[in-house]
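Architecture and fold: a report
Here are the chains, one letter per residue:
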Amino acid sequence: MNATAGKPQDRALPTHLLDLDTLAAKDILGLCDRAVQLRDTGSQAPAALQGMSVINLFFEGSTRTRSSFQLATERLGGRVLNFDVATSSTSKGETLLDTLKTLAAMSPDIFVVRHGTSGAANFVSQVLGEGFGIVNAGDGWHAHPTQGLADILTIREQLGDDWAQRRVVILGDILHSRTARSLVKGLSSLGTRDIRTVGPRTLQPARFEGVTMHSAVEDALPGADVVMALRLQRERMQRHSIPSQREYFELWGVTPERLDLAAPGAILMHPGPIGRGGDLASAAADGPASRIIEQVANGVAMRMAVLERIAGLLARQRKKGG
Amino acid sequence: MSEQAWLLRGGRIFDPATDTEALGEVLFSAEGVLEVRPESGGPPAPPLPEAKQARKGAQELDVEGCWVLPGLIDARARLAAGQGELSGEIAISEADAALAAGATTVLVPPTTEAPLVDPKAVRHLVGEARNMARLDIRAVCGLLDASGEALAELGALRKENAIAAGNQHFIANTELMANAISYARSLQLPLYVTARDGFLGRGVAHDGPQATSLGLAAIPAAAEALEVYRWRCLAERVGSPLHFSALSSAAALELLDMLPPGEVATSADTPIHNLLHTDEALAGYDSRYHLMPPLRGEADRQALLGGVRAGSLGICSNHRPLPGTAKALPFGDGEPGASSLELLLPLGYRLVKDGELTPMQLVRALTLTPAASFGLEVGSLQPGRRANLCLFDPKGSTGLDSLRSAGQNHIETQPLEGAVLRTWYRGVQVYQRDG
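This text gives an overview of the structure that appears in the document. Because the structure is a prediction, the values reported are computed rather than measured.

**Details of the overall build of chain A**
Secondary structure summary: chain A contains twelve helices and ten strands in total. Taken over C-alpha atoms, the radius of gyration comes to 20 Å for chain A, in line with the 20 Å a tight globule of 322 residues would show. With respect to the principal axes defined by its C-alpha atoms, chain A has extents near 55 × 45 × 35 Å. By the burial criterion, 56% of the 322 residues in chain A qualify as buried. Counted over contacts in chain A with a minimum sequence separation of 6, partners at least 24 positions apart contribute 76%. As displayed, chain A offers around 13,500 Å² of accessible surface, 50% of which is attributable to carbon and sulfur atoms. Across chain A, the centroid of the 36 positively charged side chains sits 5 Å from that of the 33 negatively charged ones.

**Examining the interface of chain A and chain B**
If you look at the interface, chain A gives 26 residues, while chain B gives 23 residues. A buried area of about 1,700 Å², summed over both sides, lies between chain A and chain B, and 56% of it is on carbon and sulfur atoms. The tally of links from chain A across to chain B stands at zero salt bridges. Counting across the chain A and chain B interface gives eight residue pairs in polar contact (both at pLDDT 80 or more). Here the side of chain A that touches chain B takes four residues from helix H4 (residues 120-128) of chain A, the largest share from any one element. Looking at side-chain class alone, the side of chain A that touches chain B contains ten nonpolar, eight polar and eight charged residues.

**Section: the sheet that holds strand E10 (residues 267-269) of chain A**
Residue and element names in this part refer to chain A. The strand order across the open sheet formed by five strands is E8-E7-E6-E9-E10, and the pairing between neighbours is parallel. A single partner strand is all that each edge strand has here, and the edge strands are strand E8 (212-214) and E10. Neighbour-to-neighbour, the strand axes of this sheet turn through a mean angle of 20°, independent of strand direction. Bridge analysis of strand E7 (residues 194-198) against E8 gives three bridges, and the strand direction is parallel. Looking at the pairing, arginine 196 lines up with threonine 212 of E8.

**As for the packing of helix H3 (residues 96-104) of chain A against H4(A)**
Residues and elements named next belong to chain A. In the contact formed by H3 and H4, the axes pass within 11 Å of each other and the chain directions differ by 50°. The orientation of H3 with respect to H4, classified from their angle, is oblique. Viewed along their axes, H3 and H4 form a crossing whose handedness is right-handed. Across from Leu96, Leu97, Leu100 and Ala104 in H3, the residues of H4 making contact are Phe123, Val124, Val127 and Leu128. Classifying every residue of the contact of H3 with H4 by side-chain character gives eight nonpolar, no polar and no charged.

**Focus on unusual backbone geometry**
A:Gly272 connects to A:Pro273 through a cis peptide bond whose omega is -5°. Note on placement: A:Pro273 falls in the loop between E10 and helix H11 (282-285). Cis peptide bonds are those with omega within 30 degrees of zero, and the linkage from B:Met292 to B:Pro293 qualifies with 5°. For B:Pro293, the position within the fold is in the loop between helix H10 (272-276) and helix H11 (298-309). Here the phi dihedral of B:Asp19 falls at roughly 55°; this positive angle occurs in a residue that is not glycine. Taking the relative accessible area as the measure of exposure, B:Asp19 reaches 54% and is therefore exposed. Of note in the backbone geometry, B:Leu116 takes a positive phi value of approximately 55° without being a glycine. Inspection of the secondary structure assignment puts B:Leu116 in the loop between strand E7 (103-108) and helix H4 (119-132).

The rules we used
- Residues numbered from 1 in each chain as written.
- Chains lettered and ligands numbered in written order.
- Predicted model: local features only at pLDDT ≥ 70, side-chain atom pairs only at ≥ 80, totals over all residues.
- Heavy atoms only, no water.
- Helix = DSSP H or I, 4+ residues; strand = E, 2+ residues; numbered from the N terminus.
- Rg over C-alpha atoms; globule rule 2.2 N^0.38 Å.
- Buried < 20%, exposed > 50% of the residue type's maximum accessible area, 1.4 Å probe, protein only.
- Contact = heavy atoms within 4.5 Å.
- Areas by Shrake-Rupley, 256 points an atom, 1.4 Å probe, with all protein chains shown as cover.
- Lys, Arg positive; Asp, Glu negative; His and termini not counted.
- Charge placed at Lys NZ, Arg CZ, Asp CG, Glu CD.
- Buried area = accessible area lost by both parts, 1.4 Å probe.
- Salt bridge = Lys/Arg side-chain N within 4 Å of Asp/Glu carboxyl O.
- Polar contact = N/O pair within 3.5 Å; in protein donor to acceptor, adjacent residues only side chain to side chain.
- Nonpolar A, V, L, I, M, F, W, Y, C, P; charged D, E, K, R; others polar.
- Pairing = 2+ DSSP bridges.
- Axes fitted to C-alpha atoms, helices over the stretch in contact; angles between N-to-C directions.
- Parallel < 35°, antiparallel > 145°, perpendicular 65-115°, else oblique.
- Left-handed = near helix turned anticlockwise from the far one by under 90°.

Set out below in structure tokens:
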């Protein structure tokens, strides 16, 4: 284990899924294929995690993602330990480093980590090293790779594999969104060139490579076949990013009328939890274009595919004596 | 104190004050620099009368292949860590590191952790330095008291020999800021500014593609430029000399260029690492490069190099020694800063080897330019000047295993080309490299 964290590993380890930066298109699509198989087998899933334990190490509250990983682990025959920071020694002042060392000493197989600081998953990867599987369940604003993969699966199922022709719009607080960053990285790897973001400038990065940024919904939506709405976080109003939820909804909220600007057959997505009357109108969330429910099912399936893949790599690694 | 004189022969002499770069001899003692004799061409200045006598008993040193330059003046280095900083401690390790760096004058800045507004702390710092009698350590005291809402007792702090007064943090209240500047002016204390807006400057990385990709809270160059303008504006009103410590952006430099020269003497420096690296180094969340001010883009780095080449920008170490635990956290949660003092010359030499600076440009930026920023009579090898010198071997190597600094946060992982061999302070050898 590397106790002097600070220097990154020289290569991204295949047993660590920290982001979608280096995942090749064939790997992304391979995981999508596998996720579909696993989703459709129901209770007949292979016991890929039999005898293995997964620690859900969540420093940020998240019932949805944690439940999703828990279900995925259990369906594959694995055991889950939920490490809830609020009641743990970490909140009593134990450092993140010491928490990791303590948990690692219990010899779990895979860590699923969610943390409020960008780069936390990379830090965990540097500290724990090769002997463990690591899945980034969301680190600050940086990445949420399993969500990105699940969203790509949803898009693929609805619109097929012509990634170069996809026109994707991401709406809302891009600046603070790990979901947006992962989706953009994944789509770019697949060859999608027309990716647009739209929202107030206060919630967009100064520049975003590979993405066309807009302030007006009317400029961004025409021709889009995927509309991804992001959650508006309440604290943005305290931080002077937008004046009020009312005005945000007025200018950027997804409504059926705005969806009509997009291409025929366009789908509406949202990583959840949705803010009705803030991010989007109920009529849109519940309307025919919405694939929000499918995203949830795909989330569990994709997490199964990822955990299965990592478990397999770990098993091979151990056989080799690594 | 020994009256031993020294005669260094065959070295390449650098005196930025006279623009001398020549092979030759330098003779000096506790009296000061006595004579500079280039091998060809006349001496740049006449020797002191004592030179002839001193030569007779001088210890001769063959320094062929080496650079002989004035002792470095580092205008920004923190010389302790943790609680020690607050009470004006100087860690012996850091003073040793300064001498191993070839630095004979070091300025300690006021910071939020150690504001240097308690006269006892400043007295302690200056007193300790005096006791060590091996280098000049000067305190830049804070402008505001510990509450941040009232003026510091600059009179008392000046009495303790503070060299300048600076902002230990962002001052939002412009009236208070203007008063602090006026008050410092009335006490003839020049200003030493850390230019970073307190709101826009709250991030952890430069507002560029890396921050976007890594999801890091960003600090735009505007955070620095805004402060440069605010301080310049208010300093102009009262004619206060002004030094901008550790600038990082092209925007700040362009603004300084654009402002009319005015009555106010303005100087600035940049940290060595901002000349060597850009925010590309942050890839993979490498927290060694979590620095403040942040590493910015290539255009910024080039602008800073341009300033150094033009002789208008000094180079500081921005040294901050930290224990290993300080960065054993996800990137933004750890402490910013690098242990850099000891490696200042070899790091600067890298810029020379890469063709980005000439040797004289490097030497000037580390000696005469910072000295002139604070009206210090050092940074030159002219006869009559204080004999603070440094001997640098470009063919040597500085390893990382035997560094004197207690900081465990130096960026470099491989030995560096070039090594400081000896340092003299007021004519006395205070450092000699082992081996």
